[in-house]
Amino acid sequence: MDYVNIRRQAASIRKGLFDQGYLDEQFYQLEDLQDDASPNFVDEVVTLFFRDSLRLMANIDQALDKCAKDFNKLDVYMQQLKGSCTSIGASKMKTECTAFRDYCRDENIEGCMRSFQKLKREHSVLRQKLESYFQQLRQAGPIECATRPSK
Amino acid sequence: MGSGDSEMHVLAVDDSSVDRAVIARILRKSKYRVTAVDSAERALEILEMEPSVDMIITDYCMPEMNGYELLRKVKESSELREIPVVIMSSENVPNRITRCLEEGAEDFLIKPVRPSDVSRLCGRVRH
């Protein structure tokens, strides 16, 4: 197996995630928390994030389907999702969560729905890219060390 | 030392599994022993079984009982009131911060919490 190329691909995916604005500085903070005592910490936290975010987004979908829109409930769900996005550095998703909450405040249901569709797309793209990234890292083995992209 | 061990024992409370994992990791890297729970109610159960916790760090926004209410319960208890309580929140709401500090919170951290935030707290952990 060509580990050099696999590592190169992983590094390229990672760089792209930052360059295209999907991830921000907070992701570096997670990487800094990873060490020999917790060698898969970032992978584990990202896995938790996608598990929780799918659940929250399902709740939001259900709430948006109801005839009587409960903007308070929608805002609570989105506040939770935004918090998780902030914690892993999911920058584009965080921005869309903020937009959704603004629409909730204005009780603009069309705005909420548009924003939510965009959020789901961002979520899907981020998930696909991060799954690919971590798959490459696992294939490359434990020697792989994430390095910050050059500025 | 509060627990009688060399490691300080911190009780971390957050309903978000992501945030719970992150704060637990930050605390463990800072050499604290950590018990992480997902609700204030569970935190109170732990405190009843093991009152020799050296610090509580809790999220503010949680369903059922929030962090402020947990803070009040701790400060109302003769057994628990000496335990420093730190509140975390993703929202910077001045009234909320003031209310928590007036109720006796040791500090109020805006998420995402950083290792430097935890380093700043180490001098305030109960001995």
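Note on numbering: residues in each chain are counted from 1, in written sequence order. Each chain gets a letter, beginning with A, and each ligand a number, beginning with 1, in the order they are written. Under the rules for a predicted model, residues below a pLDDT of 70 receive no local features and side-chain atom pairs below 80 are neither given nor counted, while totals for whole chains, interfaces and linings still include all residues. Heavy atoms throughout the structure, all of them, feed into the side-chain values; hydrogens and water do not.

Undergrad: Is there a simple way to think about the overall build of chain B in this case?
TA: A run of H or I in DSSP counts as a helix once it spans at least four residues, and a run of E counts as a strand once it spans at least two, with each numbered from the N terminus. In terms of regular secondary structure, chain B is built from five helices and five strands. This radius of gyration counts C-alpha atoms alone. The globule rule is 2.2 Å times how many residues there are, raised to the power 0.38. Relative to the compact-globule value of 14 Å for 127 residues, chain B shows a C-alpha radius of gyration of 13 Å, a close match. Its C-alpha atoms put chain B at 35 × 30 × 25 Å along the principal axes. Relative accessibility decides the category of a residue: with a 1.4 Å probe and only protein chains considered, values under 20% of the type maximum give buried, values over 50% give exposed, and everything between is partly exposed. Sorting the 127 residues of chain B into buried and exposed places 51% on the buried side. Here a residue-residue contact requires only that any non-hydrogen atoms of the pair lie within 4.5 Å. Within chain B, residue pairs in contact and separated by at least 24 positions form 63% of the contacts whose partners lie at least 6 positions apart. As displayed, chain B has an accessible area near 5,800 Å², and 45% of this comes from carbon and sulfur atoms. Residues scored as charged are limited to Lys and Arg (positive) and Asp and Glu (negative), so that His and the chain ends carry no count. By convention, charge coordinates are those of NZ in Lys, CZ in Arg, CG in Asp, or CD in Glu. A gap of 5 Å separates the mean positions of the 18 positive and 23 negative side-chain charges of chain B. For every accessible area listed, the method is Shrake-Rupley and the probe measures 1.4 Å; residues are considered covered only by the protein chains on display.

Undergrad: Any chance you could explain the pairing of strand β1 (residues 9-13) of chain B here in plain terms?
TA: Looking along a regular strand, one sees the side chains alternate between the two faces of the sheet. Residues and elements named next belong to chain B. The element β1 is largely enclosed, with a buried count of five among its five residues. Of the two faces of β1, the one holding H9, L11 and V13 and the one holding V10 and A12 are both buried throughout. We treat two strands as partners when DSSP finds at least two bridges between them. Taken together, the five bridges between β1 and strand β2 (residues 33-37) define a ladder with parallel strand orientation. The residue bridging H9 from the neighbouring strand is R33, located in β2. Relative to strand β3 (residues 55-59), β1 is paired through four bridges, and the arrangement is parallel. Residue pairing across strands places A12 opposite I57, the latter belonging to β3.

Undergrad: Would you take a moment to explain the nonpolar core for this structure?
TA: Where a protein is soluble and globular, its nonpolar side chains tend to be buried together. Joining through side-chain atoms within 4.5 Å is the link that ties buried Ala, Val, Leu, Ile, Met, Phe, Trp, Tyr and Cys residues into a set, and such a set is a nonpolar core. Counting residues in each nonpolar core, the largest one holds 60 residues, and the members touching the most others are A:L126, A:L130 and B:I57. No other element matches the eleven residues that helix α3 (residues 41-65) of chain A contributes to this core. Apart from the residues lying within four places of it in its own chain, the contact partners of A:L126 are A:L17, A:Y22, A:L23, A:F49, A:F50, A:A90 and A:M93. If you look at the next biggest cluster of nonpolar residues, it comprises 24 residues, including B:I46, B:I87, B:A105 and B:F108.

Undergrad: I keep staring at the pattern of salt bridges and nothing clicks. Help me out?
TA: A side chain of one charge can pair with a side chain of the opposite charge if their charged atoms are brought near each other. All names here are of chain A. When a carboxyl oxygen of Asp or Glu lies within 4 Å of a side-chain nitrogen of Lys or Arg, that pair is called a salt bridge. A full pass over the atoms with the stated rule returns 24 salt bridges over all chains. Among the salt bridges present, the one from D24 reaches K94, with a minimum N-O distance of 3.7 Å. Remark: K94 occurs in helix α5 (residues 91-105) and D24 occurs in the loop between α1 (3-19) and α2 (25-33); sequence separation between them is 70 residues.

Undergrad: Mind showing me how you'd approach helix α4 (residues 71-88) of chain A here?
TA: Helical periodicity: at 3.6 residues per turn, an α-helix aligns residues three or four positions apart in one direction. With 18 residues, α4(A) extends 26 Å from end C-alpha to end C-alpha; this agrees with the ideal 26 Å at 1.5 Å per step. Among the residues of α4(A), those classed as buried are A:F71, A:L74, A:Y77, A:M78, A:Q79, A:L81, A:G83, A:S84, A:C85, A:T86, A:S87 and A:I88. Residues of α4(A) that are buried in the fold lie against α2, α3, α5 and α6 (109-140) of chain A together with α1 (17-29) of chain B. For α4(A), the capping residue at the N-terminal end is A:D70, with a side-chain oxygen 3.2 Å from the backbone nitrogen of A:N72. With its phi angle positive at about 85°, A:G89 sits one or two positions after the end of α4(A). Multiplying 1.5 Å by the residue count of a helix minus one yields the expected span of that helix. As used in this structure description, the phrase polar contact means that two N or O atoms lie within 3.5 Å; if the pair is within protein, one of them must be able to donate a hydrogen and the other to accept it, and residues adjacent in sequence are counted only when both atoms belong to side chains.

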